[in-house]
Amino acid sequence: MINHKGENMRRITQVDRILRILEMLSEGREICMDKNRLIEQMKDSPRFHNRDNDLDIGLRALQKDMVYIREYLGENLRKKGKCYKLVKKEYLDNFFKDNYKEIKKFFHAISLIDQSVFGEGFKKYKKILDDIQSEQKGVYLFLENPFENLKQLELKEQLEYYIRHKRYIYIEYETDKKYIFKEVQPYKIIYYRGNWYLAVLTTKDYDINGGFKLLRLNFITYVGFCKNKSTFHEDIHVKIFLENKFQSLFTSFDKPFFKVQIKTSPQVSRHFKVKNFLKSQNIIKELDSGALIIEFNINDDMEIIPLIQMWLPHLKIIKPKRLNRKILENISKYQEEEALT
């Protein structure tokens, strides 16, 4: 359980748990894949806790951690029944001592994403982290964080479990006001332009976008499984939508798709050759001038309008013409507001 007001608030990650497991093994203790023993381990270490104290979640996380640990420790990790114990405790010290470069590469990859995951538990690796920070300072310049700062990393692990096991969940969500979503079907965790989202299907408001919603993970204040509901059957329409049709936050779940054709100027054509700005982007013709005719398949005007406006005056809409009128209206409104300031 996270205590947001307590002085010992921690961000629980798989890295943190694995280090704790290695510490316990180095002390000669057993790690057991058993619910009854897991209760003892959860009492012993806050790193095994989860918000609902759900043993299934805790056991699942522990099993996933042990996959990585077994890969490195091999025969030095002895299994008896459902429990693991280190045969030679000194082997663990040798592993960390002799694999400095591998550990450094691992920490380097994490630090590029978010250095704040390195809390008090990483003091013993201060020299490695200092070296990485010194090296990065002269090489990297991030104008913005490549990933959103996830305040509740263990929430992501909970959601992974619920998605895999198709569990109905209850969500408390807070943006401009607080929302309660009951009996929600979670489908995917989505990364889009630096932010993480949860794609869900709600059971109470099908009249709004067919019940399909995208919720920012950092705005979820609580999630738990519905005890009065078992598992749900995956909606084939949601599955097809997410796998084949979903291409931006503006893609609507319940609207028909239509074609949009644009013409690029020769000056920017190279950008559209090397990158698809939407999944449906398709170059249908390259003109002698170097200009491109590109087609998109969308179902909401806002999927394409921000892209056009970003590249003005180098993009021109061929069809449908009504999109040109919308963009001109946006420019006109901006000019009017600018004139008033």
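Residues numbered from 1 in each chain as written. Predicted model: local features only at pLDDT ≥ 70, side-chain atom pairs only at ≥ 80, totals over all residues. Heavy atoms only, no water.

A. Fine view of the overall build of the protein chain. The secondary structure content of the protein chain amounts to eleven helices and twelve strands. For the protein chain, buried positions account for 42% of its 341 residues. Looking at the protein chain alone, contacts between residues at least 24 apart form 62% of all its contacts between residues at least 6 apart. When the accessible area of the protein chain is evaluated, it comes to approximately 20,600 Å², of which 52% is carbon and sulfur surface. (Helix = DSSP H or I, 4+ residues; strand = E, 2+ residues; numbered from the N terminus. Buried < 20%, exposed > 50% of the residue type's maximum accessible area, 1.4 Å probe, protein only. Contact = heavy atoms within 4.5 Å. Areas by Shrake-Rupley, 256 points an atom, 1.4 Å probe, with all protein chains shown as cover.)

B. Broad picture of the state of the cysteines. A full pass over the atoms with the stated rule returns one disulfide. Cys 32 shares a disulfide with Cys 83; S-S distance 2.0 Å. Disulfide Cys 32-Cys 83: the torsion about the S-S bond is 105°, which places it as right-handed. Placement of the pair is Cys 32 in strand β1 (residues 31-32) and Cys 83 in strand β3 (residues 83-86), with a sequence separation of 51 residues. On the accessibility criterion, Cys 83 (13% relative accessible area) is buried. (Disulfide = S-S within 2.5 Å.)

C. Region of interest: the environment of Ser 265. By the secondary structure assignment, Ser 265 is in the loop between β9 (258-264) and α9 (269-274). Overall, Ser 265 belongs to the buried group, its relative accessible area being 15%. Ignoring any residue separated from it by four or fewer positions in sequence, one finds Ser 265 in contact with Ala 291 and His 314.

D. Representation of the pattern of salt bridges within the structure. Applying the stated rule across the entire model yields eight salt bridges. With a shortest N-O distance of 3.1 Å, Glu 160 and Lys 156 are connected by a salt bridge. With Glu 160 and Lys 156 both in helix α7 (residues 153-164), this residue pair falls four residues apart, about one helical turn. One salt bridge in this structure joins Lys 259 and Glu 295, with 3.8 Å as the shortest N-O distance. Pair noted here: Lys 259 is in strand β9 and Glu 295 is in strand β11 (residues 292-298), with a separation of 36 residues, a long-range link. Since its relative accessible area comes to 17%, Glu 295 is described here as buried. Overlapping salt bridges, with partners in common, bring together Asp 301, Arg 322 and Lys 326 in one network. (Salt bridge = Lys/Arg side-chain N within 4 Å of Asp/Glu carboxyl O.)

E. Representation of the sheet that holds strand β2 (residues 77-80). Strand order across the open sheet formed by three strands is β1-β3-β2, with antiparallel pairing between neighbours. Whereas interior strands pair on both sides, the edge strands pair on one side only; in this sheet they are β1 and β2. Here β2 runs beside β3; their pairing, made up of four bridges, is antiparallel. Bridge pairing in β3 places Lys 79 opposite Tyr 84. (Pairing = 2+ DSSP bridges.)

F. Representation of the packing of aromatic side chains in the model. One pass over the full model with this rule turns up 15 aromatic pairs. A centroid spacing of 5.9 Å and a plane angle of 70° characterise the contact between Tyr 161 and Tyr 162, whose relative ring orientation is edge-to-face. On the basis of relative accessibility, which here comes to 7%, the residue Tyr 161 falls in the buried class. With a centroid separation of 5.6 Å and 70° between ring planes, the pair formed by Tyr 168 and Phe 232 is classed as edge-to-face. Highlighted residues: Tyr 168 in the loop between α7 and β4 (169-174) and Phe 232 in the loop between β8 (220-225) and α8 (236-245), separated in sequence by 64 residues. Residues Tyr 168 and Phe 232 agree in their burial class; the two are buried. (Phe/Tyr/Trp six-rings, centres within 6.5 Å; stacked < 30°, edge-to-face > 60°.)

G. A nonpolar patch on the surface, seen in detail. Side chains of Leu 249, Phe 250 and Met 302 sit close together on the surface and give an oily, nonpolar patch of about 240 Å² of accessible area. Assignment of secondary structure puts Leu 249 in the loop between α8 and β9. (Patch = residues over 30% accessible without salt bridge, like charges linked within 9 Å, V, L, I, M, F, W, Y side chains within 5 Å.)

H. Fine view of the environment of Ile 189. Along the polypeptide, Ile 189 turns up in strand β5 (residues 178-192). Overall, Ile 189 belongs to the partly exposed group, its relative accessible area being 22%. Measuring from C-alpha to C-alpha, the distance between Ile 189 and Leu 214 comes to 9.3 Å, with 25 residues separating the pair along the chain. Not counting residues within four places of it along the chain, the set of residues in contact with Ile 189 comprises Lys 156, Leu 159, Glu 160, Ile 163, Trp 196, Tyr 197, Leu 198 and Leu 217.

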